[in-house]
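Here's the letter readout for the chains.
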Amino acid sequence: MTSAGILTPERTTAAPAPRVKPALRAVGLCKRYGHHTALKAVNLDIRPGEVHILFGENGAGKSTLISMLAGANVPSDGHLEIGTYRGTFASVAQARAHGVRAVFQEFSLVPHLTVADNISLGEEPLARLGLLSKSGARQRARRLVDELGFELDVDARVSDLARGKQQMVEICKAVAQAPRLLILDEPTASLSEHDAQALFALVRRLKAEGTAIIYITHRMHEIPLIGDTVTVLRDGQHIATVPASTPENELIALMTGRTLSNIYPAIPPVTSLGPVRLTLDGLTTADGLVVNANLRLRAGEIVGIAGLVGCGKSELGQACYGLRGISGGTLRVDNQPRRFSHPAEAIGAGIWYSPPDRKRDGLALMRPARENMTLSSLLFGEQAGARLRPRAEQDTVQRLCGQVDFPLRRAVEPVGNFSGGNQQKVLLAKGLAQEVGVYIFDEPSVGVDVGARQSIYQYLSRLAASGAAILLISSDLPELMGLSHRLLVMRGGQMVAEFERGFYDEQRILEHFFE
Amino acid sequence: MTAPNQTASATAATRAADMTASPGLLQRLSAQRQKLVLPFLFVGSLLVFAGFAPGFCTLDNVTNIARQSVYLMIVALAQMIVLIGGGLDLSVGTVVALSSVVGATAMAAAAQVLPDSPALAMAAGLAAGLACGGAVGFLNGVGTAVLRIPAFMMTLGMSSVVFGVALLVSGGVPIYGLPPQFGEVFGFGYWAGIPVPVIIAVVMIVLTWFLLEWTRYGRHLYAVGGNQRAAELSGVRTQRVVIIAFSLAGALAALAGLLLTARLDTGESNIGATLPLESIAACVIAGVALTGGIGRTLAVAFGTLLIVLVQNGMNLMQVGAYAQTMVIGAILIVSMALARR
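For the structure given in this document, a descriptive report is provided here. (Residues numbered from 1 in each chain as written. Chains lettered and ligands numbered in written order. Predicted model: local features only at pLDDT ≥ 70, side-chain atom pairs only at ≥ 80, totals over all residues.)

## Details of the overall build of chain A
Quick note on the threshold: Put simply, DSSP marks the helices as runs of H or I at least four residues long and the strands as runs of E at least two long, and each gets a number from the N terminus on. Note on method: radius of gyration uses C-alpha positions; expected globular size equals 2.2 Å times residues raised to 0.38. Here exposure depends only on C-beta density: within 10 Å of a residue's C-beta, 20 or more other C-beta atoms make it buried, 12 or fewer make it exposed, and intermediate numbers make it partly exposed, the C-beta atoms being placed from the backbone. Placing C-beta atoms from the backbone, we regard two residues as in contact once those atoms come within 7 Å.
Each helix and strand counted, chain A has 19 helices and 20 strands in total. Relative to its length of 515 residues, chain A is compact, with a C-alpha radius of gyration of 24 Å against a globular reference of 24 Å. Viewed in the frame of its principal axes, chain A has a C-alpha envelope of about 70 × 55 × 45 Å. The burial tally for chain A puts 50% of its 515 residues in the buried class. The long-range fraction of contacts in chain A, counting pairs at least 24 apart against all pairs at least 6 apart in sequence, stands at 68%.

See the structure below:
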């Protein structure tokens, strides 16, 4: 992209400029939990106007590190230097007072307030008599949103927004007071392509204004696009700090300690495809978010659905699973016309749906991983029955752990204890606990590191090879191109383009995202 | 959810590390404090009462505690089932009153019609009482699961409705005319040297434990309480699960009401007022999460025993009834503070 070219000279000048005083310096930061050391004496210099990428697998210590920079966590050892201050941050408020703002993956939004109210929360504009100025808050929010180029309705209630939009509200909040250091934790994980571009533009502008930025991402292609410097963490240790132009495979080797070839596995050849499992003819939902969708999905086939957030791709998957009313067209599973009013009917007919937001829709976090895995198999799987059979269940758990590469020994722990990658594996394991022919995956790799991503992709390809028909809904275009036999683009609730593998062209596919 | 939790315990741990040379034990205790609250309070109060309450450790008193705890035990099981499913039942107290009044009325009427077969009269009364409780629970379930009324409001409102019905049926006066065998067996009877109500309570504990740990329904209940949306997407009929949970709770509360009726030998509309608070306290002390998804049967049984034990011990130490009420509330608050997650 052209923007990367613009960034290149800056990068080369920024890297060897030791005389610039760092905006923030971390010295010997340590964090111990009992006998476990999450972070070992990490040093970090973040210069003003630098986009510093933190890179590492889930559990490498990135989250621990940024939580201490943002004041959400107190280091066991070491200190921070910011401006004239030396010490640690005891609270998020203290970190903010020193100009450090963080956007975490866990949002700090009040769901029942509007976007505008959330943006001005804590710094509400006042009208006469010290009353709240609602119009002031709205104007300020609108100005900010327009300035950032986000597509966001400032009057919408946050709880009504999709995750990606909520993420944008969070970013608006963080940059509203021009921070000295901005921390972004996987900001694009749930953003659409368009909003991600707007975010990159914002990051470049903040950078030009001298803001230091720490950026965590698992998307390799973003690193040269936006970063200046990359710090790689592994097992809580600082491994290396290298320029962002470092080749991908070198970065992955640094991150994992081993070399990783292609992260996309081979998918079964088109010639091996079986009969049509799922047919949509002119499917239209009652709420009008999906209009006249047509699709043939064959056994062994992976069909990708691409498009912006809100284009109807998630809603299409939900409609096939009985989560959205269908007002027109037909849905056929194995050539039988079907209408589902509850997911139980869909699973019974042979459809499985894996939701995009594992914490909200996918997992009971305080329950053991094993219970989450086998939940629906008690109704539809091999051990269906009113009484539990612990031995049969244990066998199933053992099989599932093997299939998704999950540590069996830890399956008794609550899912909430695990990293994002392992949580996602539990979610995927749920789908394997019973026999179904059609799988719908909505964002199966959101917010997981490259290592876990690779095993998820292998899982998808094995699933297809075993004869399952897979509908893969994703906002990650490279992932769709790497894994699917065919790719459909949705826009405004309609399917607007179809591409065959072999004719994939990122630029041309992206053009169909926008009118 | 985990992040602030980690932060809090980690901060506490750091502080502990600063104070002592061997942080391992303290740190582990702090991390496990949720699980340690109940055993700590239980053993602590046992020791205190054994030392200061005259006659606390006698066999008579132990039997007494077992017998006194029956009613709260069964209601606490009811409360636990609802709490695990993500609900809350504030109507358990008035359901106890309703089942007492309705059960006694039906039983007395049947005894008049069939004076020669008290067993049949008792069966009619028990059935009527249990059906009432189950029906109230069913309505609570429909209100929360289908109409999406918060359980707090639904059961609080229902509690008032049910109390009104109980007063209406009884006219506000005790109901007499129960077959004498009812009290003899279910109130004061012994079987193999153990009071019959205690046996019934133990059977209920076992049945509840079996339901929660060994059946698909139990697993679904934990899942619905843990994440209702995730359970729904896994094919669980979550509305049905919630309605069944409330109905079971209603029936259990009614059983407690009927056993209490047998003990009192009359149907009363003014019993059970303290049960909502005490049953919630028994559950919370036992680590049942008010947000749903977590709770163990055996722990709740011990939580109940703890509350009855404290009441019994204070009685022996001749602490006044007013002070006792204060202590029960304080225990609830302190145990919440200790177990805060």
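Let's pick the thread back up.
## Quick word on the packing of helix H10 (residues 216–226) of chain B against helix H12 (residues 238–264) of chain B
All names here are of chain B. As a reminder of what qualifies: What counts as an axis is a line fitted to C-alpha atoms, over the stretch in contact for a helix, and the angles between N-to-C directions run from 0 to 180 degrees. An angle counts as roughly parallel when it lies under 35 degrees, as roughly antiparallel when it exceeds 145, as roughly perpendicular when it falls between 65 and 115, and as oblique in every other case. Classification convention: Asp, Glu, Lys, Arg as charged; Ala, Val, Leu, Ile, Met, Phe, Trp, Tyr, Cys, Pro as nonpolar; all other residues, Gly among them, as polar.
For the pair H10 and H12, interaxial distance at closest approach is 10 Å and the crossing angle is 105°. Between H10 and H12, the interaxial angle falls into the category roughly perpendicular. Contact residues: Tyr-217, His-220, Leu-221 and Val-224 in H10; Thr-238, Val-241, Val-242, Ile-244 and Ala-245 in H12. Among the residues making up the contact of H10 with H12, the classes are represented as seven nonpolar, two polar and no charged.

## What to know about the environment of A:Lys165
If you trace the backbone, A:Lys165 turns up in helix H6 (residues 163–175). Taking the number of C-beta atoms within 10 Å as the measure of exposure, A:Lys165 has 23 and is therefore buried.

## Here's the deal with unusual backbone geometry
Residue and element names in this part refer to chain A. We note that Ala-41 has phi near 40°; this positive angle belongs to a residue other than glycine. Tracing the backbone through its elements, the reader meets Ala-41 in strand S2 (residues 36–46). Here Ala-41 falls in the partly exposed class, since 14 other C-beta atoms lie within 10 Å of it.

## What to know about the interface of chain B and chain A
Facing 27 residues of chain B, the contacting portion of chain A comprises 34 residues. Of all the elements in the fold, those that place two or more residues in the side of chain B that touches chain A are helix H1 (2–19), H10 and helix H11 (228–233) of chain B. Considering each element in turn, the side of chain B that touches chain A owes the most residues, six residues, to H1(B). Considering only residue class, the side of chain B that touches chain A consists of 11 nonpolar, 11 polar and five charged.

## Observations concerning the sheet that holds strand S9 (residues 229–234) of chain A
All names here are of chain A. For the record, the criterion: A pair of strands is considered paired only if DSSP assigns at least 2 bridges between the two.
Pairing within the open sheet is mixed, and its six strands lie in the order S6-S7-S8-S3-S9-S10. Only two strands of the sheet have a single neighbouring strand rather than two, namely strand S6 (100–103) and strand S10 (237–243). Neighbour-to-neighbour, the strand axes of the sheet open up by a mean angle of 20°, direction not taken into account. Sheet analysis places S9 next to S10, joined by six bridges and oriented antiparallel. Within S10, the residue paired with Val-232 across the bridge is Ala-240.

## Thoughts on the nonpolar core
Quick reminder of the rule: Only buried residues count toward a nonpolar core: Ala, Val, Leu, Ile, Met, Phe, Trp, Tyr and Cys, linked into one set through C-beta atoms within 7 Å. How far each domain reaches was decided by an automatic or database domain assignment.
Counting residues in each nonpolar core, the largest one holds 179 residues, and the members touching the most others are A:Ile351, A:Ile440, A:Ile470, B:Ile74, B:Val75 and B:Leu252. By residue number, the principal contributor to this core is H12(B), which donates 18 residues. Here this core gathers at least three residues from each of two domains, domain 2 (262–350 + 437–515) and domain 3 (357–435) of chain A. Not counting the four nearest positions on each side in its chain, A:Ile470 is found in contact with A:Ile302, A:Tyr439, A:Phe441, A:Leu460, A:Leu463 and A:Ala464. By size, the runner-up hydrophobic cluster in this structure holds 67 residues, among which are A:Leu44, A:Val115, A:Leu184 and A:Leu202.

## What about the environment of B:Gly235?
All names here are of chain B. Note on placement: Gly-235 falls in the loop between H11 and H12. Residue class for Gly-235 comes out buried when judged on the 25 C-beta atoms lying within 10 Å of it. For the pair Gly-235 and Leu-305, spaced 70 residues apart in sequence, the C-alpha to C-alpha distance is 38 Å.

## So, the packing of helix H5 (residues 92–113) of chain B against helix H6 (residues 118–146) of chain B
All names here are of chain B. Applied cut-off: Here a crossing is taken to be left-handed if its near helix is turned anticlockwise relative to the far helix by less than a right angle, and right-handed if that turn runs clockwise.
Where H5 meets H6, the axes come as close as 8 Å, and the angle between the chain directions of the two elements is 150°. Between H5 and H6, the interaxial angle falls into the category roughly antiparallel. In the crossing of H5 with H6, the sense of the turn from one axis to the other is right-handed. Side by side, H5 and H6 meet where Val-95, Leu-98, Ser-99, Val-102, Gly-103, Ala-104, Ala-106, Met-107, Ala-110 and Ala-111 of the first sit next to Pro-118, Leu-120, Ala-121, Met-122, Ala-124, Gly-125, Leu-126, Ala-128, Gly-129, Cys-132, Gly-133 and Val-136 of the second. Here the residues of the contact of H5 with H6 are counted per class, giving 17 nonpolar, five polar and no charged.

## As for helix H9 (residues 196–214) of chain B
Residues and elements named next belong to chain B. How we decide: How far a helix is expected to stretch is found by multiplying one less than its residue total by 1.5 Å. Each C-beta atom gives one direction from the helix axis, and the arc is the one those directions make.
With 19 residues, H9 should reach 27 Å at 1.5 Å per residue; the first-to-last C-alpha distance of 26 Å fits that figure. Buried residues of H9: Pro-197, Ala-201, Met-204, Thr-208 and Leu-212, and no others. Down the axis of H9, the sector holding all buried residues measures 60°, keeping them to one side. When the buried face of H9 is taken as reference, the exposed residues oriented beyond 90 degrees from it are Val-203 and Val-206.

## Comments concerning the sheet that holds strand S14 (residues 326–333) of chain A
All names here are of chain A. The four strands lie next to each other as S12-S11-S14-S15, forming an open sheet whose pairing is antiparallel. The open sheet has two edge strands, strand S12 (293–298) and strand S15 (336–338), and neither has a second partner. The sheet shows a mean angle of 15° between the axes of neighbouring strands, taken without regard to direction. In the sheet, strand S11 (residues 276–285) pairs with S12 via five bridges, with the strands oriented antiparallel. Within S12, the residue paired with Val-276 across the bridge is Arg-298.

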